[in-house]
Amino acid sequence: SSGCYNGAAYLLAKFFCEILPLRLAPLTAGTFILVFGIGLQDDPERVKNLFFALLFVSLISVMVFLVIGMLIRSNGSANFVAVIVALFSLLMSGFLLIDFGSFASGESTGQTGGTDNFLPTLLGYLSFLRPAFEILMVNELSGLIFQVTLVSENGAPVSDASIPASGDLVLAQLNLQPDDLSKDFLILIVWLVLLLALAATLLSFVVREKR
């Protein structure tokens, strides 16, 4: 309020000294637990992709809720809007709703376009979880080969026969593109930069300190 620094300086200081450090240590531990405890892909490049995808999602989530809190003065209304935004992001992430335009028609070529899937594709870009979901799925399934075996209710194999399958087939069914990994990371970076700019603007022109 004394004009010693503006909202952008405060936000950057808070981001690099509080928001970012408080997520680096937990996500580092969480990444190693996921990779070596659960058995995800342990290739260094894939571990790096997993870590940065989780980091971007965590940072963007914080900034989204921070912006909502700046825009809405009422705590109850802000919490309600935050829940709606979170539910929408989860719904459009690609896990609950896939690209049903091509899936319903029986196509699994991994190609987007056309009027049937234009709306879900457009709505998917409004969810910051959509590119993150594609990164995580491609990171774990691309190039993976596995065997599908029929088992009984007790988990015992029904027969010795097995069906070879690949992670690329699963990605094609979900309309996820292995070649879009760099684009997905770029989308997450754009999300973060835009939210930081919006939060700095709101701090400078909307938020007012009460003493």
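Residues numbered from 1 in each chain as written. Predicted model: local features only at pLDDT ≥ 70, side-chain atom pairs only at ≥ 80, totals over all residues. Heavy atoms only, no water.

Here we take up the pairing of strand S1 (residues 145-151). Bridge count between S1 and strand S2 (residues 157-166): six bridges; the pairing is antiparallel. Following the sheet pairing, Thr149 is matched in S2 by Ser162. (Pairing = 2+ DSSP bridges. Helix = DSSP H or I, 4+ residues; strand = E, 2+ residues; numbered from the N terminus.)

Put simply, the protein chain has an average pLDDT of 80, and 82% of its residues get 70 or more. A low-confidence stretch, residues 100-115 (pLDDT under 50), is modelled with 19 contacts involving residues beyond four sequence positions or located in other chains. (pLDDT = per-residue confidence, 0-100. Contact = heavy atoms within 4.5 Å.)

Where two aromatic rings form a pair, the distance of their centres and the angle of their planes describe that pair. Using the criterion set out here, one finds five aromatic pairs in the structure. Ring centres of Phe15 and Phe16 lie 5.1 Å apart, and the angle between their planes is 90°; this geometry places the pair in the edge-to-face category. Among the residues examined, Phe15 registers a relative accessible area of 5% and is labelled buried. Given a relative accessible area of 51%, Phe16 falls into the exposed group. (Phe/Tyr/Trp six-rings, centres within 6.5 Å; stacked < 30°, edge-to-face > 60°. Buried < 20%, exposed > 50% of the residue type's maximum accessible area, 1.4 Å probe, protein only.)

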